[in-house]
Amino acid sequence: MISAKQVLQENVRLLRTKASKQAIIGTIIALVTVVVATILSAYFSNHYELTLPGIIHAQSTNPVLWLLDTTPFVFGFWGQYTSTIIAYEAGAMVMDQTSDLRTQTVALENRISHESTHDKLTDLPNRVLFVDRLDQALQQAHNEEKPLGVLFLDLDGFKEINDSLGHHSGDRVLKSAASRIRNAVNESVTVARLGGDEFGLIMPRLKKEIDILATVKAIRKALEAPYTLEGISLSLVASIGATIYPVHGRDADTLIQRAEVAMYVAKKDRSGYTLYSPEQDKNSPHRLVLLGELRQAIQRQELTLEYQPIVNARDHSVHGLEALVRWQHERHGLLQPDEFIPLAERSGFIHEITNWVLRHALEDAAAWHQKGMALPVSVNVTAANLLDPEFANTVAALLASFKLPERALTLEMTETTLLNDQERAYETITRLSSLGVRTSIDDFGTGYSSLAYLRKLPVSNIKIDRSFVADLTRDEGGEVLINAIIQLAHALHLHVTAEGVENEHVAERLPLLGCDAMQGYGIGRPMPASEVPAWYAGRQVSDESNPPPQTR
Ligand code: C2E
Ligand code: CA
Ligand code: CA
């Protein structure tokens, strides 16, 4: 390649071989001056007569003319010299700017290509680059006839961290997790962020599965080290699934997808790590496939509701029913909400599900009302619903279309749901409560919110999480805690429901502690809508399903 300097020198050389305009004009002026001066000198010194010998004489004897004779050369040289200098400087300037421009373009191209292949937050390769690297690694593994490992890692409980501490803290956790994973494995391993709290790893030139095990152990150990965030010490746990080329697949897509299936099995078993096996595909609903199917589940009428009774704690009269969604899947059988609600939440499909549940629960409630069973229903809602500015209107329209009074519906939301975007959630809850719809804080005690915070919200009820209720049978401390929660809640004019009431002992203690309502397998299991009338027969509806309006 020719350097910029060589190009410049060549240009200057070319310029030098050509006479410049300045040099020619200078030379002509000088020549004319010489001729005129010579003629004048000959004319005056030869007594006003102009002859050739006179001119020759003037030229050979007058030193001023000799001096003048040199001027065409001086002007010629000077003109050529200055134009060369100007050309050189102009050329150098153009060269400078061109190379500057070129450096900038290259930097920009590099940045664009880095950004399109790397994750902004963690600076790890993204899914696109991961698949690309895996394709290359597979080609190499094929040529060298060496096995290769693919790992799919997902952080456990990350959603809770994100929901309760906010996205900013969530991002910090992800960044730290990414660098811990990167540092825990050796250089030859590719670590990529595949999305959310999911990471992918490529382990080339694998000898045995034991190599994967060692890597998994190192990663888990690195993640476990305590991490302090907003005064809370967290330790991260991950579930990892793995596949090996060529045993579990020969192309990138299959290997990644099956590693993800294995990861779900590890997560479900809480085993931390699983190597893929073909049976897993049959037993564990694959997430991506499930998500696609979930979109059709509504049209195919595969979603169903079950209702679990909530009763008055003192006289066990009926207080209401909680609607719990299920999915009757054609291959996987009856799926519980924990298996698909988180999926729906992540994909935004939760809006359709909540709408479906609301519509069907209110339809059932309307049918019961018509038969003289004034059974209020509770429906679970999530953060996305409360952040939807149209949500309160949707609820009001549905209640009106079924001609149901507002108090026929209670919406249950968890504390973490509320912490997400407090202001917008606050607005929706205020709108709902001004409509007369009741709101209840679900799983109370498991989040990070305080009763002091809840006091600001126009909620009407709290549901003490079943983990506290279970402690009631175990130790005295459990009873002290529940008692304190109930006293505080009552001081704030909140109605208290206990969840997970599984046995007689608990059902007897709770009313003595002042609890208002109870729900649990010990009271009644979730049942299909068709069984509700039979269950209801012989029971009376609690007066407290219709408590007086809030006084605060
Ligand atoms: P949740 O709102 O806390 O619902 C109560 C869960 O506890 C139900 O599980 C219920 O079957 C179970 N349960 C009831 N009594 C007892 C008991 O005595 N002992 C024990 N160990 N468990 C008991 P399910 O139906 O699997 O629902 C799980 C979660 O899924 C629900 O927790 C709720 O957060 C969510 N969910 C259910 N339906 C919906 C829905 O329509 N929309 C949304 N967004 N979430 C839903
Ligand atoms: Ca609930
Ligand atoms: Ca609950």
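Everything quoted here is computed from the prediction, not taken from an experiment. (Residues numbered from 1 in each chain as written. Chains lettered and ligands numbered in written order. Predicted model: local features only at pLDDT ≥ 70, side-chain atom pairs only at ≥ 80, totals over all residues. Heavy atoms only, no water.)

**Side note on a negative patch on the surface**
A cluster of acidic residues, Asp132, Asp135, Asp251 and Asp253, forms a negative patch at the surface. Note that Asp253 resides in helix 9 (residues 252-269). Asp253 gets classed as exposed once you look at its relative accessible area, which sits at 55%. (Patch = residues over 30% accessible without salt bridge, like charges linked within 9 Å, V, L, I, M, F, W, Y side chains within 5 Å. Areas by Shrake-Rupley, 256 points an atom, 1.4 Å probe, with all protein chains shown as cover. Salt bridge = Lys/Arg side-chain N within 4 Å of Asp/Glu carboxyl O. Lys, Arg positive; Asp, Glu negative; His and termini not counted. Charge placed at Lys NZ, Arg CZ, Asp CG, Glu CD. Helix = DSSP H or I, 4+ residues; strand = E, 2+ residues; numbered from the N terminus. Buried < 20%, exposed > 50% of the residue type's maximum accessible area, 1.4 Å probe, protein only.)

**A word on unusual backbone geometry**
As a rule of thumb, non-glycine residues mostly have phi less than zero, and peptide bonds are mostly trans rather than cis. A cis amide bond, omega 5°, links Tyr245 with the succeeding residue Pro246. Topologically, Pro246 is positioned in the loop between strand 6 (238-245) and helix 9. The residue Tyr48 is not glycine, and still its phi comes out positive at about 55°. Judged by relative accessible area, which is 58%, Tyr48 ranks as exposed. Here Lys403, not a glycine, exhibits a phi torsion of approximately 55°, which is positive. The class of Lys403 is exposed, set by a relative accessible area of 76%.

**Considerations on the coordination of the calcium ion (ligand 2)**
Reference values for angles at a metal are 109.5 degrees in the four-donor tetrahedral case and 90 or 180 degrees in the six-donor octahedral case. Around the calcium ion (ligand 2), the protein supplies Glu322 (OE), Asn380 (OD1), Glu412 (OE) and Asp442 (OD) as donor atoms, at distances of 2.1 to 2.3 Å. The motif formed by the donor residues of the calcium ion (ligand 2), counted along the single chain, is E-x57-N-x31-E-x29-D. Between the calcium ion (ligand 2) and the calcium ion (ligand 3), the interatomic distance is 4.1 Å, and Asp442 donates to each metal, bridging them. One end of the pair, Glu412, is in strand 12 (residues 409-414); the other, Asp442, is in strand 13 (residues 438-444), with 30 residues separating them in the sequence. Overall, the relative accessible area of 2% leaves Glu412 in the buried class. (Donors = N, O, S within 2.8 Å, 3.2 Å for Na, K, Ca; no water.)

**Quick notes on the coordination of the calcium ion (ligand 3)**
Taken together, the protein donors to the calcium ion (ligand 3) comprise Asp442 (OD), Asp443 (OD), Glu499 (OE) and Glu499 (OE), at separations of 2.0 to 2.7 Å. Counting along the primary sequence, the residues that act as donors to the calcium ion (ligand 3) give the motif D-D-x55-E.

**Remarks on the nonpolar core**
Counting 83 residues, the largest nonpolar core has Tyr307, Leu409, Leu411, Leu418 and Leu510 as the members making the most contacts within it. It is helix 13 (residues 350-370) that provides the largest number of residues to this core, a total of 10 residues. (Core = buried A, V, L, I, M, F, W, Y, C linked by side-chain atoms within 4.5 Å.)

**Looking at the site of ligand 1**
Close to ligand 1 lie 22 residues; Gln308, Asp442, Arg466, Glu502 and Tyr521 are nearest. Between ligand 1 and the protein, one listed contact pairs a nitrogen atom with a side-chain N or O atom of Gln308 at 2.9 Å. Within the side chain of Glu322, a nitrogen or oxygen atom sits 3.1 Å from an oxygen atom of ligand 1. Isolated, ligand 1 exposes 800 Å² of accessible area, and the fraction of that covered by the protein chains is 87%. Sorting elements by how many residues they give to the shell around ligand 1 places strand 9 (residues 318-329) first, with four residues. Here the residues of the shell around ligand 1 sort into eight nonpolar, six polar and eight charged. (Near = heavy atom within 4 Å. Polar contact = N/O pair within 3.5 Å; in protein donor to acceptor, adjacent residues only side chain to side chain. Nonpolar A, V, L, I, M, F, W, Y, C, P; charged D, E, K, R; others polar.)

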